[in-house]
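Here's the letter readout for the chains.
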Amino acid sequence: MSQVEVVRNSEEYLQYIDATPDAIFVLHEKLERRFPVHQHTKGQLTYVDGGIAYVHVQGKILVIPARHYIWIPPGLLHFLTVRSSATAIRTVYFELDTEEVFYQQMGIYPVDTLLLEMLLFTEHFEWEIGKTNKYYPFLKALFNILPEISNNHLHTVLPVTRNERLVPILKYMEAHVGEEISLTRISKEFSLSERTLSRIFQAELSISFLQYLKQLRMVKAVELMLQTELTLSEIAYRTGYQSIAAFSNTFYQLTNMRPSQFAHSIK
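Since the model is a prediction, treat every value here as computed from it, not as a measurement. (Residues numbered from 1 in each chain as written. Predicted model: local features only at pLDDT ≥ 70, side-chain atom pairs only at ≥ 80, totals over all residues. Heavy atoms only, no water.)

**Q** Before we go on, may I ask you to explain the nonpolar core in this structure?
**A** Considering soluble globular proteins, one finds that nonpolar side chains tend to be buried as a cluster. Judged by nonpolar contacts, the single largest core of 52 residues is most densely connected at Met173, Phe201, Tyr212 and Phe247. With ten residues, helix H7 (residues 209-227) is the single largest residue contributor to this core. Judged by nonpolar contacts, the second largest core, of 23 residues, contains Leu45, Val111, Met118 and Tyr136. (Core = buried A, V, L, I, M, F, W, Y, C linked by side-chain atoms within 4.5 Å. Buried < 20%, exposed > 50% of the residue type's maximum accessible area, 1.4 Å probe, protein only. Helix = DSSP H or I, 4+ residues; strand = E, 2+ residues; numbered from the N terminus.)

Below you can see the structure in the form of structure tokens.
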């Protein structure tokens, strides 16, 4: 199948999702990952059942680990990518018939036992589930409980940029994430003053150099937990930490979970 055919097919699927405003749409095929940049009039719940997925939205890359879901409000331009064909995702699109704040904001949340069982049960459905369908109340119940059980927002987010000076710097930092990285080192490597480099980060990414480095290391740590059998001590070392305590404290700041708790939750 050619790329043109894939895109055309994807756009047809996108039309189906919003075709009936008050229906719930369920998608299990690996199509969301093929969609170009797009938006829906419905809210979107995408659950990552295995592997890891990345959602590109508003100049950021959000990392969704296994056993987590992302909620994307209506009207938000986005696209999804995965690095492994084995990554399993389930997506449900809901009409937004409430003004509750939770549904107006994008977020990544862990999936508890109750929600997991409900999401797994959605494999019995496909495509459009209208109000007269006997399973519509079940899916509506899933939608309604999200604010009650989604309290631990996961901040695995990396801002992105097309700035010609900053792109090679970010690639360098990613390639050397396990080494000692400092503003001084990067400034010398790219022949910039520390003050200029700090200003570029703040202007282009709206966060400081140190904040970006911290988030980069945590994203890499999550990826290593999902994609390798390394111990937490080995992961800490490979993401630039000299002690498991420092790694654990930083991880907790961004996830409200200790690395051991998080690793257990995604197995």
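**Q** Sorry if this is basic, but what is going on with helix H2 (residues 113-121) here?
**A** A turn of α-helix holds 3.6 residues, and therefore any two residues three or four places apart point the same way. Within the sequence span of H2, burial applies to Leu115, Leu116, Met118 and Leu119. Looking down the long axis of H2, one finds its buried residues gathered within 165° of arc, a one-sided arrangement. If you follow the buried residues of H2, they end up packed against strand S2 (43-50), strand S5 (68-72), strand S7 (88-94) and helix H3 (136-149). (Arc of directions from axis to C-beta. Contact = heavy atoms within 4.5 Å.)

**Q** I would appreciate a short explanation of the layout of surface pockets in the present structure.
**A** The gaps left among the atoms become clear once a water-sized probe is rolled over them. Roughly 430 Å³ of internal volume is contained in the largest pocket. Only strand S3 (52-57), strand S4 (60-65), strand S6 (79-82), strand S10 (157-159), helix H4 (166-175) and H7 provide two or more residues apiece to the lining of the largest pocket. The leading source of residues in the lining of the largest pocket is H7, at five residues. Taken together, the residues of the lining of the largest pocket sort by class into twelve nonpolar, three polar and five charged. By volume, the second largest pocket is sized at about 240 Å³. Residue lining of the second largest pocket: 13 residues in total, with His56, Gly59, Phe79, Val160 and Arg162 positioned closest to the centre. Those elements that provide at least two residues to the lining of the second largest pocket are S3 and S4. (1 Å grid on protein atoms, 1.4 Å probe; cavity = no way out; pocket = protein on both sides within 12 Å on 5 of 7 lines; lining within 4 Å. Points joined across faces, edges and corners; volume = space filled by probe spheres on them. Nonpolar A, V, L, I, M, F, W, Y, C, P; charged D, E, K, R; others polar.)

**Q** Could you clarify how one ought to interpret the sheet that holds strand S8 (residues 107-110) in this entry?
**A** Ordered in space as S8-S5-S2-S7-S1-S9, the six strands form an open sheet in which the pairing is antiparallel. Two strands bound the open sheet, and with one partner strand each, they are S8 and strand S9 (127-129). Strand-to-strand twist in this sheet, taken as the mean axis angle between neighbours without regard to direction, amounts to 20°. Sheet analysis places strand S1 (residues 24-27) next to S7, joined by three bridges and oriented antiparallel. Across the sheet, phenylalanine 25 pairs through a bridge with tyrosine 93, a residue of S7. Strand contacts of H2: S2, S5 and S7, with the helix running at about 95° to S2, the strand carrying the most contacts. Where H3 meets the sheet, it contacts S1, S2, S5, S7 and S9, and its direction lies at approximately 90° from that of S1. (Pairing = 2+ DSSP bridges. Axes fitted to C-alpha atoms, helices over the stretch in contact; angles between N-to-C directions.)

**Q** Is there a simple way to think about helix H6 (residues 194-205) in this case?
**A** Spanning twelve residues, H6 covers 16 Å between terminal C-alpha atoms, matching the ideal 16 Å at 1.5 Å per step. Residues of H6 that are buried in the fold lie against S10, H4, helix H5 (183-189) and H7. Backbone geometry just downstream of H6 places serine 206 in the positive-phi region, at approximately 65°. (Expected span 1.5 Å × (residues − 1).)

**Q** What's the story with unusual backbone geometry in this structure? I'm lost.
**A** Glycine aside, residues mostly have negative phi angles, and peptide bonds mostly take the trans form. Positive phi values are uncommon outside glycine, yet arginine 67 reaches one of about 65°. Within the secondary structure layout, arginine 67 lies in the loop between S4 and S5. For serine 206, which is not glycine, the phi torsion reads 65° and is therefore positive.

**Q** What am I meant to see in the pattern of salt bridges here?
**A** Where charged atoms from two side chains of opposite charge approach closely, those side chains can pair. Evaluation of the coordinates by the stated rule reveals five salt bridges. Linking glutamate 123 and arginine 90 is a salt bridge whose minimum nitrogen-to-oxygen distance equals 3.5 Å. Taken together, the positions of glutamate 123 in the loop between H2 and S9 and arginine 90 in strand S7 put the pair 33 residues apart, joining distant regions of the chain. Overall, arginine 90 belongs to the buried group, its relative accessible area being 12%. For aspartate 97, the salt bridge is made with lysine 140, and the minimal N-O distance between the two is 2.8 Å. (Salt bridge = Lys/Arg side-chain N within 4 Å of Asp/Glu carboxyl O.)

**Q** Even after reading the chapter, I still don't get the pairing of S2, so can you show me in this structure?
**A** Among the eight residues in S2, seven count as buried, and that is most of the element. Strand direction decides the pairing type here: S2 and S7, joined by seven bridges, are antiparallel. From the neighbouring strand, glycine 43 faces S7, where its bridge partner is phenylalanine 94. In the sheet, S2 pairs with S5 via five bridges, with the strands oriented antiparallel. Across the sheet, the residue bridging to valine 48 is histidine 68, located in S5.

**Q** I would appreciate a short explanation of the environment of alanine 141 in the present structure.
**A** Checked against the element boundaries, alanine 141 lands in helix H3. Spatially, the C-alpha atoms of alanine 141 and methionine 118 are 9.5 Å apart, while their sequence positions differ by 23 residues.

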